[in-house]
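Coordinates in review
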Amino acid sequence: MRKTISFKFISIVVIGILLLAACSSNSSSSSKSDDNSSEENPVTDRGNEIVIGVGTEPQNWDPIDTFRLDWSTVMTSVYEGLVTRTVDLEIQPGLATEWEYIDDNTLQFKLREGVVFHDGEPFNADAVKFTFDRLLGEEGAKGPQQANYTSIDHVEVVDDYTVNFIMKTKDPVIITKLAGYGAVIVPPKYIEEKGDEFFNNNPVGTGPFKLTEYESNNKVVLEKNPDYWQAELPKLDKVTFRIIPESATRLAELQTGKIDIMKKVEVSQAETVKDSSFLNLIEVGTPTANAIRFDLNEKPTDDVRVRQAINYAIDKQALIDEILSGYGKPIASFQSELSFGNNPDLEPYPYDAEKAKELLKEAGVAEGTELDFYISGTDATFKEIAQAVAFFLEQVGLKANINSVDSNTLGTELVPQGNAGHMWQQGWGGWTLDFDNTAYLMYHEGEYYNPTFKDDKVEELLTAERTTVDQEEREKIFMELTERVYELTPEIPLYSTVDLYAVNNRVKNFQPPHDDRMFLENVTVE
């Protein structure tokens, strides 16, 4: 029989903070109390603008330099690509009106006319060619986005509003990749005149809003683009993103009316939002997968038996139930159920502490062996996850030393350089809704976020799925790939995220995104 340890009892003895989180997050949903029914909305003088509270920003607005979802939260309103997704994740035309393969190696796009960049520069075929020459060239090689688009050999200009993408190899997910934020179109003249360094902090796109003010780690101000190509959009005059790392501070700012929308409401804060008469709590499923990844160059995590033991040692369902209050879904691979390539036949490693001890003994791991575990210091919920993980590891004879660091430092310095300890927190947005993106960037040797994992069979399967457009064949390959990775255990798949947003009643037509990319052009206020 499966044994589940109650965190409410663990917390009393080991990690008291977890008891507080479990008790608050597990309380039943309640209607807004009578005491709050007459609460007045504190926002009275903001006019036709909104303020959004977010936890972090990537400190670089160049689209080829980042994979951060926090980048897309803001910049989806500034930049546009040839193809886009709706907030419901449906592919639709963007700066291109239509596309087709005119032969096996040539993908042709017809471009939208009458579009201008925020600096007045015209959008045309030359801008598309410049964008992809830059993305696929030396400048693009400095950042993580280039790897997504290496199937493109080059872009040819046919006429002012027609371009041909000459493909180097078949790419079954190229259209959905082009809907991602790494392939948004940038202004050639502006970048050539101002330079890449200036562009990092002063972005220019074709989107519904233009960036007018940026204070690093403080705020980003977007104002209405009066020349936007979609008539009568956007409807807001101004959007301010305030960078507020601590979730408790974000909530306080929301409650006092200083922000209108709070991104990443913590589970422990949900009831507080529900009890307010002028706030709404909205939940949305996401393709984001959360895992703990291993450094395979470090002892003892270089041994697959140790990695499997750690997987068995952690009760993942208890993490979801007790810490997340059910706002999460179990996963067996590093993807959500929304992802094409998800293997429904795989089950998460079951909680089996005795099996974990057996594997550790077989691998010769001594009692009390210490493991360095790096996490983002701004993620309050994952701090509790990490403390619970440390407790579970202690039960099988391992000691986890939790190191909290700034999320930018973790994601852009420590992990890529292989300096994030034996294991580290990693979330992945799954933005293509296709396992190709996650699998290639996590498991292909030498990728930015894969400092140590390599396997010949995995390389063979990754190549195979990228060289066919037959979706049934790709699905078979993904089933084999996920089984191989499951066996090698380069990470501990924990759960896919359910995001929580808190929204002031004055905000209308806001739909929280599945993938962090906020589309704000139809949002209004009353």
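Residues numbered from 1 in each chain as written. Predicted model: local features only at pLDDT ≥ 70, side-chain atom pairs only at ≥ 80, totals over all residues. Heavy atoms only, no water.

1. Observations regarding the overall build of the protein
Rules: In DSSP terms, a helix is any run of H or I states spanning at least four residues, a strand is any run of E spanning at least two, and both are numbered starting from the N terminus. As a reference, a globule follows 2.2 Å times the number of residues to the power 0.38, and the radius of gyration itself is taken over C-alpha atoms. Any two residues having at least one pair of non-hydrogen atoms within 4.5 Å are treated as being in contact. Only the protein chains shown count as covering a residue, and every accessible area follows the Shrake-Rupley method with a 1.4 Å probe. Charge counting follows a simple rule: Lys and Arg are positive, Asp and Glu are negative, and His as well as the terminal groups are ignored. Charge placement uses NZ in Lys and CZ in Arg. For Asp and Glu, CG and CD serve respectively.
Looking only at helices and strands, the protein features 18 helices and 19 strands. For the protein, whose C-alpha radius of gyration is 24 Å, the value lies close to the compact-globule estimate of 24 Å for 526 residues. For the protein, the spread of C-alpha atoms along the three principal axes comes to 70 × 65 × 40 Å. Nonlocal contacts in the protein, meaning residues at least 24 apart in sequence, comprise 72% of its contacts between residues at least 6 apart. For the protein, the exposed area adds up to about 21300 Å²; of that, 45% sits on carbon and sulfur atoms. Charged side chains in the protein number 48 positive and 90 negative. The centres of these two groups are separated by 3 Å.

2. Quick notes on the environment of R293
Spelled out, the test is: Side-chain atoms alone can form a polar contact between residues adjacent in sequence; in general such a contact is a pair of N or O atoms within 3.5 Å, and within protein one must be able to donate a hydrogen while the other accepts it.
Here R293 is to be found in strand β12 (residues 279–294). Put simply, R293 and F199 are 94 residues apart on the chain and 33 Å apart in space, counted from C-alpha to C-alpha. Once residues within four sequence positions are removed from consideration, R293 is found in contact with F334, H422, M423, W424, Q426, M442, Y443, Y449, N450, P490 and E491. Within the local environment of R293, its side chain forms a polar contact with the backbone oxygen of M442, the two atoms lying 3.2 Å apart.

3. Re the sheet that holds strand β4 (residues 96–103)
Picture the strands of a sheet paired through backbone hydrogen bonds; they go either parallel or antiparallel. What counts here: The criterion for strand pairing is that DSSP finds at least two bridges linking the strands in question. Fitting a line to C-alpha atoms yields each axis, with helices limited to the stretch in contact; the angle taken between N-to-C directions then spans 0 to 180 degrees.
A sheet is described by the order of its strands in space; here four strands give the open sequence β4-β5-β7-β6, paired in antiparallel fashion. Each end of this open sheet is capped by a strand with a single partner; those strands are β4 and β6 (152–159). Pairwise comparison of adjacent strand axes, ignoring direction, gives a mean angle of 25° for this sheet. Each of β5 (106–111), β6 and β7 (162–167) touches helix α4 (residues 125–136); the most contacted strand, β6, lies at about 165° to it.

4. As for the pattern of salt bridges
Proximity of charged atoms lets side chains of opposite charge pair with each other. As a reminder, the rule being used: For this document, the term salt bridge refers to a Lys or Arg side-chain nitrogen within 4 Å of an Asp or Glu carboxyl oxygen. For every residue, the accessible area (1.4 Å probe, protein chains only) is compared with the maximum for its type, and the residue is labelled buried under 20%, exposed over 50%, or partly exposed between those bounds.
As enumerated under the stated definition, the model contains 32 salt bridges in all. Its salt-bridge partner being D70, residue K263 comes within 3.5 Å of it at the nearest N-O pair. With K263 in the loop between β11 (261–262) and α10 (270–274) and D70 in helix α3 (residues 69–75), the pair connects residues that are 193 residues apart, well separated along the chain. An identical accessibility class is assigned to K263 and D70; each is buried. The closest approach of N and O atoms between R466 and D436, which form a salt bridge, is 2.7 Å. Pair noted here: R466 is in helix α17 (residues 456–466) and D436 is in helix α16 (residues 435–443), with a separation of 30 residues, a long-range link. In terms of burial, R466 and D436 fall into one category: buried. Residues joined in a network through salt bridges with shared partners are D171, K177, D434, D436, E465, R466 and R474.

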